[in-house]
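Now for the letters of each chain:
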Amino acid sequence: MKIGIIPTYKEVFGDDPPEFKNLIAGIPTKLIVGLVSVMNGELYLNQYDLSTHLKLLQFLLQRQSKNKQEEIYYKIAQQVRRKGLDDFSIFSTHLNLQFLHLSLLHYHEDETFEDTTPEQELRIFKAYLVSTSLLFGKMEIDTQTDSPLDYFRKNTWPMMIGQFMLNHPYNYFLAIAKSKCFFDALEFETEFGRYVRNFTERFQDPNSLAYIFRFVNILQLSQERDETKRFSPFSITSDAQSIPFFDELAIDLKKYSEFYSESKGNFTGLKEKPLYKVSEHSYVIMNWDFLARKVYDGMLFDFYNQSGISHEKRFLKFPAFKQFIGENAIEKYLFRRLIRGCFKNKHVIVEFDNGISSGHPDAYVRNGKKVFLFEIKDSLFSSRIIDSEKYDLIKSEIDKKYNTGKPKMKGTHQLLSQIKQLSNKPFESKSYDELKIKTRNLIIYPILIYTDPHFDLPGIGKYLDEEFRVLVESEGLDQKFEKIKNLTFLNIDFLVSHLNQLQKKDTSLDKLIDAAAFELKKREKRFIRTNSTDDLMLLNDNFHSLSSKYLKEFNSDGDYVKVLFDELKLSRGL
C-alpha cells in the first residue's frame, strides 16, 4: 500500500494558485472531457509506471516553448528528489476525476471553437494542479492521537477514503460472476423474474449473460495495445444496433453541471454515465474502471430504474430493493454457494441461518475442532461521508455498519453474541456431549464479510479486530476455548477470486487466515523495531494484502473458471 505524492501548483509555478474557473474560461468542457479520457486510458493499467506519467506530461506541454517545458520539468524533478521517486506521481485517476468534476461544474460550450492555443493548454495543466490543491489543500495533520495506529487512521482515512478504490483497477471478471448470480437469484428464486427479462430485452439480449457480455466485449478493448497508436484505448465506435445501449451510458454534460454541486457524491454522476458521446457512432470512455463497475455495482441502480421493479409497492425506495437483494441475491444465493464451495469435505458441517433460530450466524462451519462463524453485511459506504473526508464521520460509519450493539447488534457484537452461545452449545442439532467435543478444545475463526470495496480501506480490518478483542476479553470468552482467532474482515470478492484455491488443503481458508495473522505479527515486530511510516502503512494492510505472499507460493492449477462456473451455477438459464 502506497500513498502517491502529487506536485502542487505552488511547487511547480511558484506563486499562489489562481481561481480554477478563470483557468478554464473559454475552453469548451467537451475538450476537457476528451483530455481526461486520454489520461485515464493511459493510467488505467499503468498507474504506477513513471514513463506513463512522463508521456502524459509531455503530451500536455508539447506546444509550450522549450524554456517553459524545461522550467516545469526542472521544478517537478526537484520535487522528485525531495520526496523520493517510489511514491511520487504526477497524475492519478482520482485527481483526473476531480479535475473533470470541477470542469463540469463550470460547463462551457462553443460550437465555433476549433483548437486550443498553447496558452490555453498551459492553463489546462495549471487547472489540473489547482484541482489537486482544492482537494487536499485543506487537510491538516492531526497530532492529537493516542497511538501510532490512531495517528494512522486519523490522518489517512480522510485522505484515502475517496481515492483508494479509484486508483486500484477493478477485476471485472468478479463483476461478471456477481452480476450473473444477481440475475439468476432474481429470475429463478423469486417472484420477480419478469423484471430480469424486461431489463435484458430492452436491447434484444436473449438472456442476462448476453447483456453482461455487452460490457465485457467493450472492456476487453482496454487491454489492447496498438503500437501504431499514440495512446492506450480511450474511445469506442458503435454499430447502429448498439447505439441505444451506449446512449444510456453517455453523460449529458450540461445536466451534470446543473445537478451536482461541489459535493460530488463520490463521483456518482460519472459512475452512472462513464461515456461521452462525441458523434453519432463514437464515444469516449471517461473512466474504464467506472465502466467495469457498471457490470455489477452500477447495474443494480440501472436495473432498479429501468426494469420496472421500482413500481412494486415494496420497492418504491431503492434502499428497500437493495435490502431485498442483499438478503436474497447476496446472502442466500452468492454467499451460500461460496461457503459450500470453500468447504467441500463431506465431514465438514455447514449450517446457514434459517431465520428461525435466534442469534444464528449467517454461516456456521465446523471442521473437526475448528469453528468458522460468518456474518455478511451487504452495506454501502455513504457517499456523503466519503465526500466529507472527516475522520469522525468515517469511523462512525464503520461502527454503524460493523461494530455496534445498539439499537441492533451488528458485526463484532453479533459475533460476540454467537461465541457466547457457542460456549454453551453448538449451532448444530446435536449437543457437545453427543458430538464428543469439549469447548476448551475448539478454535474459533470469527469472520465478517463485506461487499462495498470502500471497506477495503487500510486499517479498517485492524481497527475492528481491536474492538472485537476488547469485547471478547471483557466477557472472558478467550478462557473458554483453545483459541479465538483474530477477527477476519474479508471482502466477498476475495472468496470469488480465490474459490479454486480455497478448496485446496494448503490454501484453505483457515490456512490463509493463519498465514495473514503470521504476516501481521511479523510486521508488528518490525514496526516496533523501526517505528517507520512505511512499516506503519504495512501494518494496516487489508486481509487480501496480508495473505497475498502466502498465496503466491501455490499455483491455482488453471481450474479457476471451471470451479467458479460449477460452484456458482453460472451456466444456469443458458
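Here is a short report on the structure shown in this document. (Residues numbered from 1 in each chain as written. Predicted model: local features only at pLDDT ≥ 70, side-chain atom pairs only at ≥ 80, totals over all residues. Heavy atoms only, no water.)

1. Focus: the overall build of the protein chain
Part 1 of the reasoning: From N to C terminus, the protein chain includes 28 helices and 11 strands.
Part 2 of the reasoning: A compact globule built from 574 residues should have a C-alpha radius of gyration of about 25 Å, and the protein chain, at 25 Å, falls within 12% of that.
Part 3 of the reasoning: Dimensions of the protein chain, computed from the C-alpha atoms along their principal axes, are close to 85 × 60 × 45 Å.
Part 4 of the reasoning: Here the protein chain holds 574 residues, and the buried ones make up 54% of them.
Part 5 of the reasoning: Surface exposure of the protein chain reaches about 26,700 Å², of which carbon and sulfur atoms provide 49%.
Part 6 of the reasoning: When the 81 basic and 80 acidic side-chain charges of the protein chain are each reduced to a single mean position, those positions are 5 Å apart. (Helix = DSSP H or I, 4+ residues; strand = E, 2+ residues; numbered from the N terminus. Rg over C-alpha atoms; globule rule 2.2 N^0.38 Å. Buried < 20%, exposed > 50% of the residue type's maximum accessible area, 1.4 Å probe, protein only. Areas by Shrake-Rupley, 256 points an atom, 1.4 Å probe, with all protein chains shown as cover. Lys, Arg positive; Asp, Glu negative; His and termini not counted. Charge placed at Lys NZ, Arg CZ, Asp CG, Glu CD.)

2. Digging into the sheet that holds strand β2 (residues 275-277)
Part 1 of the reasoning: Across the sheet, three strands lie side by side as β1-β3-β2; this open sheet has antiparallel pairing. Two strands in the sheet have a free side with no partner beyond their single neighbour: β1 (235-237) and β2. The mean inter-strand angle of the sheet, taken between neighbouring strand axes irrespective of direction, is 30°.
Part 2 of the reasoning: Judged from the three bridges that link them, β2 and strand β3 (residues 282-285) form a sheet pairing that is antiparallel. Residue Tyr276 lies in a different strand from β3, and its bridge partner there is Val284. (Pairing = 2+ DSSP bridges. Axes fitted to C-alpha atoms, helices over the stretch in contact; angles between N-to-C directions.)

3. Overview of the pairing of strand β9 (residues 443-450)
In the case of a regular strand, side chains alternate between the two sheet surfaces.
Part 1 of the reasoning: Within β9, eight of the eight residues are buried, leaving the element largely enclosed by the surrounding structure.
Part 2 of the reasoning: Burial of the side chains of β9 extends over both faces: Ile443, Tyr445, Ile447 and Ile449 are buried on one face and Ile444, Pro446, Leu448 and Tyr450 on the other.
Part 3 of the reasoning: Pairing geometry for strand β6 (residues 370-377) and β9, over eight bridges, is parallel. Bridge pairing in β9 places Phe374 opposite Ile447.
Part 4 of the reasoning: Pairing between β9 and strand β10 (residues 483-484): two bridges, direction parallel. Across the sheet, Ile444 pairs through a bridge with Ile484, a residue of β10.

4. Looking at helix α25 (residues 509-530)
Part 1 of the reasoning: In a regular helix each residue adds 1.5 Å, so 22 residues correspond to 32 Å; α25 covers 31 Å between its end C-alpha atoms and thus fits that length.
Part 2 of the reasoning: Taken together, the buried positions of α25 are occupied by Leu509, Asp510, Leu512, Ile513, Ala515, Ala516, Glu519, Leu520, Arg523 and Phe527.
Part 3 of the reasoning: Asn531 occupies a position one or two residues after α25 and carries a positive phi of about 55°. (Expected span 1.5 Å × (residues − 1).)

5. Concerning the pairing of strand β5 (residues 363-367)
Part 1 of the reasoning: For β5, the tally of buried residues reaches four of five residues, placing the bulk of the element in the interior.
Part 2 of the reasoning: Sheet topology places strand β4 (residues 349-352) next to β5; four bridges connect them, and they run antiparallel. Paired with Glu351 across the strands is Tyr364, a residue of β5.
Part 3 of the reasoning: Here β5 pairs with β6 via five bridges, running antiparallel. Residue pairing across strands places Ala363 opposite Phe374, the latter belonging to β6.
Part 4 of the reasoning: Linkage of β5 to β6, two consecutive antiparallel strands, is achieved through a turn of two residues, within which Gly368 is found at a positive phi near 65°.

6. A word on the environment of Ala292
Part 1 of the reasoning: Structurally, Ala292 is set in helix α15 (residues 288-293).
Part 2 of the reasoning: Taking the C-alpha atoms as reference points, Ala292 and Ile27, separated by 265 residues in sequence, lie 30 Å from one another.
Part 3 of the reasoning: If sequence neighbours within four positions are ignored, Ala292 has contacts with Tyr44, Tyr170, Tyr172, Ala175 and Leu219. (Contact = heavy atoms within 4.5 Å.)

7. Section: the environment of Pro244
Part 1 of the reasoning: Residue placement: Pro244 occurs in helix α12 (residues 243-248).
Part 2 of the reasoning: In this structure the C-alpha to C-alpha distance between Pro244 and Arg202, which are 42 residues apart in sequence, comes to 9.1 Å.

8. A short note on the side chain of Ser508
Part 1 of the reasoning: Note on placement: Ser508 falls in the loop between α24 (499-502) and α25.
Part 2 of the reasoning: A polar contact of 3.3 Å, which involves the side chain of Ser508, links it to the backbone oxygen of Lys505.
Part 3 of the reasoning: Engagement of the side chain of Ser508 in a polar contact is seen with the side chain of Asp510, the distance being 2.6 Å.
Part 4 of the reasoning: Setting aside its immediate chain neighbours within four residues, Ser508 contacts Gln501 and Leu502. (Polar contact = N/O pair within 3.5 Å; in protein donor to acceptor, adjacent residues only side chain to side chain.)

9. Remarks on the packing of helix α9 (residues 172-189) against helix α11 (residues 208-219)
Part 1 of the reasoning: Orientation of α9 relative to α11, taken along the N-to-C sense of each, is 165°, at an axis distance of 10 Å. The pairing of α9 with α11 is recorded here as roughly antiparallel in orientation. Two packed elements cross with a definite hand, and for α9 against α11 that hand is right-handed. Where α9 abuts α11, its residues Tyr172, Ile176, Ser179, Lys180, Phe183 and Asp184 lie against Ser208, Leu209, Tyr211, Ile212, Val216 and Leu219.
Part 2 of the reasoning: A per-class count over the contact of α9 with α11 returns eight nonpolar, two polar and two charged. (Parallel < 35°, antiparallel > 145°, perpendicular 65-115°, else oblique. Left-handed = near helix turned anticlockwise from the far one by under 90°. Nonpolar A, V, L, I, M, F, W, Y, C, P; charged D, E, K, R; others polar.)

10. Concerning unusual backbone geometry
Part 1 of the reasoning: For the peptide bond that leads from Lys406 to Pro407, omega is -10°, which places it in the cis range.
Part 2 of the reasoning: Position of Pro407 among the secondary structure elements: in the loop between β7 (403-404) and β8 (410-411).
Part 3 of the reasoning: Phi is positive for Gln204, close to 60°, though the residue is something other than glycine.
Part 4 of the reasoning: With respect to the element layout, Gln204 can be found in the loop between α10 (193-200) and α11.
Part 5 of the reasoning: Positive phi is not limited to glycine here, since Phe267 has a value of about 60°.
Part 6 of the reasoning: As for its position among the elements, Phe267 is in the loop between α13 (253-259) and α14 (268-272).

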